[in-house]
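Coordinate analysis (summary)
Listed here are the chains, written in short residue letters.
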Amino acid sequence: MLSTTDGQQNSRRARNEGSVGRSIPRVDGVAKVTGRAQYVDDLELPGMLYGATVRSQIARGVLESITLDPDYDWTDIVLATAADIAGNNVIALIENDQPALVPIGGEIQHVDEAVALLAAPDRRRAREAVQHVRVTTTPLPAVFSMEEALSGQILLHGDDNVFKSFLIRKGGDIEAAMAGADLVIAGTYRTPAQEQMYIEPQGMLAHWDERGRCHIIGSLQCPYYVHKAMKVLLDRDDDGVVIEQSVTGGGFGGKEEYPSMIAAHAAIIARKAGCPVKLIYDRDEDIAATTKRHPAVIEHRLGLYSDGTIAAIDVDVVIDGGAYVTLSPVVLSRAILHASGPYRAGHVRVRGRAVATNTPPHGAFRGFGAPQTTFAYERQMAKAARALAMDPLEFRRKNMLRLGDTTATGQTLSYSVGSAKVLDAVARVAGEQTVGSGVDADPAAVHRGRGVSFYYHGAGFTGRGEVHLSGRAAVALLPDGRFEVRSSSTDIGQGTLTIFSQIAATALGVPLDRVSIADQSTRHVPDSGPTVASRTCMVVGRVVDVAAQKLRARIADWAEGNDLADKPTATQAAMMACDMAGTASGEVCETAQYEHPPGIEWDDDTYSGAAYPVYGWAACLVDVAVDPHTYEVAVERCVHAVDVGKAIHPIIVKGQIEGGTLQALGWALLENVVYDGGRVANASMTNCIVPTFADTPELETIIVEEPYPFGPHGAKGVGEIPMDGPAAAVASAIEDALGVPFDELPVLPEVIERKLDPESAS
Amino acid sequence: MKIQAEINGEMREFESSPWRRLLDVLRTDLRLTGTKEGCGEGECGACTVIVDGRPVDSCLVAVGQIDGRSVRTVEGLADGEILHDVQDALVRFGGTQCGICTPGIAVCAAHVIEREPGASRERLRELLSGNICRCTGYQLIVDAVADAAARRLARSDD
Ligand code: FES
Ligand code: FES
C-alpha cells in the first residue's frame with residue numbers, strides 16, 4: 001500500500017532512507033479502519049466486574065456518611081470507600097492535595113467529586129446501584145467564579161485563594177513606557193472552559209496478580225504519570241504496578257493527568273472485589289467530572305508609537321484552576337510565557353495568577369494556557385492595526401520577532417524562526433478580501449469579514465523541564481533480526497507509532513517493515529517523559545533517532561570485525577542477531593537520553609532566559625459570513641500556515657494542524673461549557689456541542705519548514721500550535737463584518753444579537 | 001426473546017431481551033467490538049451500523065427491532081483481507097487518527113458511496129454529518145471518501 005505515485009526510483013530510495021518526509025500509510029491504520037484495534041472498552045478478562053463511581057452532589061461541604069439503601073439487593077455488588085486505600089489517599093502530581101476518594105469527615109471540594117466506588121456483574125447493575133448509595137453531607141459556602149475567589153471572602157486555598165502567581169518583566173517601568181506611547185489600546189478578554197471531547201470516553205481496567213502486583217490498562221497519554229501516582233496510592237514499589245496503554249481514542253490533554261484518578265478507582269475497587277474491574281465513563285459523567293480547558297480573564301494594554309511599532313505590552317492573566325491544584329501552575333506558566341506574543345517590544349510586564357474555585361479542576365488541553373492568552377493579544381493586535389489604519393498582516397510583519405531578536409524573557413532567537421515565512425505564506429494565498437464588510441454594509445445583506453492572527457508556541461517542556469525529565473528511549477535488535485523501538489510516548493491518534501517507525505528505520509538504514517514499536521507498558525519501555533507539550537516528535541523523536549544511530553554504529557562495528565562491512569545494515573543485523581542468540585539477553589539494545597541544546601539557559605527565580613528551546617510559528621486567515629437575521633456565523637475560508645521545522649510525515653502533520661484548527665474554530669463559535677452552581681449544566685453531547693462535518697469549511701493548510709537543528713531531521717512540535725490562533729482570527733473577522741468588537745468567547749448568535757441590538761435581546 | 005438476523009451476511013440466532021441496545025448485543029454477545037460507543041445518545045455516530053440498507057445509531061436501536069433484518073457492521077466491510085475502497089482510502093489519505101470514530105465513519109461512508117458515488121464534497125459533508133470526529137478537522141476524511149467514491153464511479157463506468 002506504499003504510495004505508488006512516486007515510481008520505483010523513489011520507492012527504492014524510501015526503502016533505504018526509511019521514508020522520513022513521506023506520507024507512508026499509518027502503521028496502525030488497517031487495525032483502525034477494520035475495527036480490530038482494541039480500545040479499553042473492547043477488553044475483557046475472566047471474572048471481570050464493571051465499576052461505577054458514586055459522586056458528590058454539592059460543590060463544597062463535609063462528607064458525613066455513606067450508607068446503603070436497605071431495600072436494594074446488594075448481594076453481588078462490591079463497595080469501596082477511602083477506608084479501602086492501602087497507601088496515601090492522594091493523586092500524586094504537583095501538589096498532593098487531591099484525594100482519590102473523599103474520606104468520611106473530609107471536605108468535598110466540587111460537584112461530582114468521587115466519594116465511593118461500586119463493582120457489579122454488569123454495567124447496568126453498577127449504574128443502577130449508584131442510585132441506591134446514600135451520601136450525607138453538611139454543605140459549606142462555595143466559590144464559583146474567579147472574581148469571588150480573588151475577593152477572598154471565602155478562603156479555599158492559603159490566605160488569598162491563589163494557587164500560583166508569576167511575573168515576567170522586560171525593560172523599564174511599564175507605566176512610564178505606556179505614558180511615552182502615542183496610543184494605548186486596552187481590552188479585557190474572556191475565554192470559557194472547553195471540553196476535550198475525545199470520542200472515546202475515559203476508562204481503565206485493573207487487576208491484581210497473585211504476587212500482589214497491580215496491572216492497569218487503559219486510555220491514557222502518560223503511562224509513567226499513572227505509574228508514579230499509583231505507587232503512592234497503592235503503596236507499591238516500581239515493580240508493584242504495571243501501567244499499559246490500550247489503543248486510545250483521542251486525548252488532547254484530557255488524558256494527561258485525569259487517567260490517574262480513574263486508574264486509582266479501578267485499582268481500589270478491583271483489590272476490594274478480588275477480581276478484575278473495568279471502569280468506563282459514560283459520556284455525561286466524562287463531561288461532568290473530568291478536566292477541561294481553564295477559563296481565563298485577561299487584561300491587556302498595548303502601547304504603540306504612531307509609526308506602528310510596539311512600545312510596551314502589559315498583561316494580567318487570571319485562570320480558574322478549579323477545586324485542586326492539578327496542573328494549573330504549569331498551565332499558568334505557559335499562558336504567561338506566551339502572553340506578549342511573537343512581537344518585539346522594549347518594555348513588557350506579564351502578571352499571572354491561577355485561582356481556586358469549587359468547580360471540577362481544570363487541566364491539560366491542547367495549547368495548555370497559550371490559546372487563552374493568544375486570543376487576547378491577537379485581538380489587541382487586530383485593534384491596533386485598525387486604529388493605525390494599517391494592513392493587519394503588514395502590522396504583524398513590522399513588529400514580529402525575527403532571527404536575532406529577544407523575547408519578553410530575554411531569550412535571543414538564534415535559529416528556526418519561521419515568522420516571516422508563515423506571514424508570507426498566508427499573504428500569498430489570501431487574495432482579495434470578500435465584499436460587503438464593515439459597519440456600512442446593507443443591513444439586510446449577509447455581512448462578510450476577514451480576520452488574521454499570528455502567533456508562536458514553545459515546544460517541549462518549559463525552561464529546564466526537559467533536563468529534569470531526561471527522557472529516555474531505546475532501540476533494540478531482536479533475536480529474529482527485527483528492530484523494536486521502546487519509549488513511553490503513546491500514540492493517541494497523533495501518529496507516534498508511525499513517525500517513530502520512520503525515524504528509527506531511517507537512522508538504522510533498514511526497510512520500515514523491519515521496525516516495530518514496543519507496547520506502551522511500564523514493564524517494557526523506559527520513561528521518555530509524558531506525551532504532552534508538543535514534545536513527542538521533537539524531543540523523544542530525537543532521542544529515538546540517537547538511540548537508533550548508536551545501534552547502527554554498533555552493528556557496523558560488529559560487521560567490520562566479521563568482514564561483513566559491505567553488506568546492507570539489515571543483513572548485518574540479521575547475522576548479528578544470530579550471533580547474539582546464545583547470549584543471556586539475546587538482543588542488542590541501545591538507550592539514549594535527552595540532551596539539552598547548548599546555550600539554552602533558564603532562571604526559574606527571575607522567570608527569564610530561554611523559556612523553550614525552540615518555537616513553532618503560525619499565521620491564520622479566516623473569512624466569515626454573518627447571517628443578518630439569525631446572527632449565525634459561517635466560516636467560509638480558513639487558511640492556516642504553520643512552521644513545523646520539518647514534516648516527518650506530511651499527512652500526519654496536516655491532520656494535526658487541521659484537527660487543532662477545528663477545535664479552535666469550535667471554541668470560537670459554538671463550544672461552551674455552562675456551569676450552574678459549580679455543576680456542568682450541559683453535560684451531554686446533545687448540549688455540549690462540537691463542530692460536525694457540516695459546520696466545517698474546506699481547511700487550507702500550508703506546512704512551512706524552518707528546521708530546528710536539534711530536532712529529528714529538523715522537526716519541532718506541531719500538536720498544540722494550531723489550537724492557539726484561529727479563535728482570535730474568527731473574532732476579528734466578525735468585528736470586521738459587523739463593526740463592533742467581540743472580546744469574549746464563544747461568539748454565539750445570542751452574543752451578537754445582544755451587541756447589535758441590546759433592546760431586542762433583553 | 002429469540003432473535004434472528006443476518007449479521008454481516010451470516011444468519012445468526014440468539015436469545016436476548018428485546019429492549020437491550022443493539023450496540024450492547026453486537027459488542028458483548030456477538031463480540032463485534034468494532035462498533036464503538038462514544039456517547040450512547042445518538043450524537044456521535046461512533047456506533048453507526050447499517051440496518052436493512054439504512055445507517056442507524058446502534059445505541060438508539062433496541063435489539064428486538066432487528067429481528068428478521070440484516071445488519072452490516074465495520075467487520076462486514078472488508079472482503080477477507082481486501083479492504084473496502086473507503087477503508088483503503090481512509091488509511092492512505094490520513095482519514096483515521098485516533099480511530100475511535102473510524103468504524104462508524106467507514107460504515108456510513110461505504111453506504112454513502114455505494115448509493116451516491118457522484119456526491120460532491122459538500123454533499124459528502126452533509127451525508128456524513130451524523131458522525132463526529134474530534135481529531136481530523138474532517139478535511140482528510142472528506143479527501144478519502146471523495147477518492148473512494150471516484151474510484152467506485154470509475155469502476156462502474158468501465
Ligand atoms: S454512541 Fe451512538 S451515537 Fe454516539
Ligand atoms: S480519528 Fe479520532 S475521533 Fe476521528
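This is a predicted model, so every value here is computed, not measured. (Residues numbered from 1 in each chain as written. Chains lettered and ligands numbered in written order. Predicted model: local features only at pLDDT ≥ 70, side-chain atom pairs only at ≥ 80, totals over all residues. Heavy atoms only, no water.)

Before going further, it helps to examine the overall build of chain B. On a plain count of helices and strands, chain B comes out with 5 helices and 5 strands. The helix and strand sequence of chain B, counted from the amino end, reads β-β-α-β-β-β-α-α-α-α. Here the C-alpha coordinates of chain B stretch approximately 45 × 35 × 25 Å along the principal axes. Sorting the 158 residues of chain B into buried and exposed places 56% on the buried side. In chain B, the proportion of contacts linking residues at least 24 apart, taken out of those at least 6 apart, comes to 58%. (Helix = DSSP H or I, 4+ residues; strand = E, 2+ residues; numbered from the N terminus. Buried < 20%, exposed > 50% of the residue type's maximum accessible area, 1.4 Å probe, protein only. Contact = heavy atoms within 4.5 Å.)

Attention now moves to the packing of aromatic side chains. Tallied over the entire structure, the rule returns 15 aromatic pairs over all chains. Between Tyr 456 of chain A and Trp 617 of chain A, the aromatic rings sit 5.5 Å apart at their centres with planes inclined by 40°, giving tilted as the arrangement. Of this pair, Tyr 456 of chain A sits in strand S16 (residues 447-459) while Trp 617 of chain A sits in strand S23 (residues 614-626), placing them 161 residues apart in sequence. Aromatic side chains Phe 693 of chain A and Tyr 138 of chain B sit 4.2 Å apart centroid to centroid with 35° between the ring planes, which places their arrangement in the tilted category. In this pair, Phe 693 of chain A sits in the loop between strand S26 (679-680) and strand S27 (699-704) while Tyr 138 of chain B sits in the loop between helix H4 (121-127) and helix H5 (139-157), so the two residues belong to two different chains. For Phe 693 of chain A, a relative accessible area of 0% translates into the label buried. Through a chain of ring-to-ring contacts, the aromatic side chains of Tyr 456, Tyr 612, Tyr 615 and Trp 617 of chain A assemble into a single cluster. Its end group placed over the ring of Phe 742 of chain A, Lys 755 of chain A keeps NZ or CZ at 4.9 Å from the ring centre. (Phe/Tyr/Trp six-rings, centres within 6.5 Å; stacked < 30°, edge-to-face > 60°. Lys NZ or Arg CZ within 6 Å of the ring centre and 35° of its normal.)

The next subject is the packing of helix H11 (residues 392-399) of chain A against helix H12 (residues 419-430) of chain A. Residues and elements named next belong to chain A. At their nearest, the axes of H11 and H12 sit 10 Å apart, and the two run at 165° to each other. When the axes of H11 and H12 are compared, the pair comes out roughly antiparallel. Crossing of H11 over H12 shows left-handed handedness. Two secondary-structure elements touch here, H11 through Leu 393, Arg 396 and Arg 397 and H12 through Leu 423, Asp 424 and Ala 427. Its residues assigned to classes, the contact of H11 with H12 shows 3 nonpolar, no polar and 3 charged. (Axes fitted to C-alpha atoms, helices over the stretch in contact; angles between N-to-C directions. Parallel < 35°, antiparallel > 145°, perpendicular 65-115°, else oblique. Left-handed = near helix turned anticlockwise from the far one by under 90°. Nonpolar A, V, L, I, M, F, W, Y, C, P; charged D, E, K, R; others polar.)

Let's shift gears to the sheet that holds strand S8 (residues 183-191) of chain A. Sheet strands pair by backbone hydrogen bonding; their relative direction is either parallel or antiparallel. Residues and elements named next belong to chain A. In spatial order, the strands read S7-S15-S14-S13-S8; together these 5 strands make up an open sheet with mixed pairing. Here the strands that pair on one side only, and so sit at the sheet edges, are strand S7 (162-170) and S8. Along the sheet, successive strands turn relative to each other by an average axial angle of 5°, direction set aside. By the bridge criterion, 8 bridges tie S7 to strand S15 (residues 347-356) in an arrangement that is antiparallel. For Val 162, the partnering residue across the bridge sits in S15 and is Val 355. (Pairing = 2+ DSSP bridges.)

What follows covers the environment of Arg 637 of chain A. Residues and elements named next belong to chain A. Residue position: Arg 637 is located in strand S24 (residues 633-643). Residues Arg 637 and Met 723, spaced 86 residues apart in sequence, show a C-alpha to C-alpha distance of 17 Å. Leaving out residues up to four positions away in the same chain, Arg 637 has contacts with Val 429, Ala 430, Arg 450, Leu 621, Val 622, Asp 623 and Glu 700. Here Ala 430 takes part through its backbone oxygen, which lies 3.0 Å from a polar atom of the side chain of Arg 637. Separated by 2.7 Å, the side chains of Arg 637 and Glu 700 make a polar contact. (Polar contact = N/O pair within 3.5 Å; in protein donor to acceptor, adjacent residues only side chain to side chain.)

All names here are of chain B. Summarising the element assignment, Ala 150 is placed in helix H5. What makes Ala 150 partly exposed here is its relative accessible area of 43%. Considered as a pair, Ala 150 and Pro 117 are 33 residues apart in the sequence and their alpha carbons are 6.8 Å apart.

Residue and element names in this part refer to chain B. What the 5 strands build is an open sheet, ordered S2-S1-S5-S3-S4; its pairing is mixed. Lying at the two open borders of the sheet, with one neighbouring strand each, are strand S2 (10-15) and strand S4 (54-57). Taken pair by pair, the neighbouring strands of this sheet meet at an average axis angle of 40°, ignoring direction. In the sheet, strand S3 (residues 48-51) pairs with S4 via 4 bridges, with the strands oriented antiparallel. Within S4, the residue paired with Thr 48 across the bridge is Asp 57.

Moving on: a negative patch on the surface. Taken together, the side chains of Asp 557, Glu 560, Asp 563 and Asp 566 of chain A make up a negatively charged region of the molecular surface. Within the fold, Glu 560 of chain A resides in helix H15 (residues 536-561). (Patch = residues over 30% accessible without salt bridge, like charges linked within 9 Å, V, L, I, M, F, W, Y side chains within 5 Å. Areas by Shrake-Rupley, 256 points an atom, 1.4 Å probe, with all protein chains shown as cover. Salt bridge = Lys/Arg side-chain N within 4 Å of Asp/Glu carboxyl O. Lys, Arg positive; Asp, Glu negative; His and termini not counted. Charge placed at Lys NZ, Arg CZ, Asp CG, Glu CD.)

Turning to its location among the elements, Gln 87 of chain B is positioned in helix H2 (residues 85-92). Judged by relative accessible area, which is 0%, Gln 87 of chain B ranks as buried. Filtering out sequence-adjacent residues up to four positions away, Gln 87 of chain B remains in contact with Val 33 and Thr 34 of chain A together with Val 74, Leu 77 and Ala 78 of chain B.

To continue, consider the domain arrangement of chain B. Residue and element names in this part refer to chain B. Looking at chain B, the domain boundaries give domain 1 (2-76) and domain 2 (85-157). For domain 1 and domain 2, the distance between their C-alpha centroids amounts to 21 Å. Taken together, the 15 residues of domain 1 in the interface contact 12 residues of domain 2. In this assembly, domain 1 packs against domain 2 so that about 1100 Å² is buried in total across both faces, 59% of it on carbon and sulfur atoms. For domain 1, the biggest contributors to the area lost against domain 2 are Thr 48, Arg 72 and Val 74; these three give 35% of the whole. (Domains from an automatic or database assignment. Buried area = accessible area lost by both parts, 1.4 Å probe.)

We now examine the interface of chain A and chain B. The interface is formed by 55 residues belonging to chain A together with 47 residues belonging to chain B. Buried area between chain A and chain B, summed over both chains or domains, comes out near 4100 Å², and the portion from carbon and sulfur atoms is 57%. A per-residue breakdown of the area chain A buries against chain B is headed by Val 33, Ile 199 and Phe 693 of chain A, which together make up 22% of the total. For the interface between chain A and chain B, the tally reads 8 salt bridges. Measuring nitrogen to oxygen at the nearest pair gives 2.8 Å for the salt bridge that ties Arg 27 of chain B to Asp 42 of chain A. Put simply, chain A and chain B have 27 residue pairs in polar contact (both at pLDDT 80 or more) between them. Mapped onto the side of chain A that touches chain B, the elements with two or more residues apiece are helix H2 (29-33), helix H8 (283-289) and helix H17 (650-669) of chain A. Element by element, the count of residues in the side of chain A that touches chain B is highest for H17 of chain A, at 8 residues. The class makeup of the residues in the side of chain A that touches chain B is 23 nonpolar, 18 polar and 14 charged.

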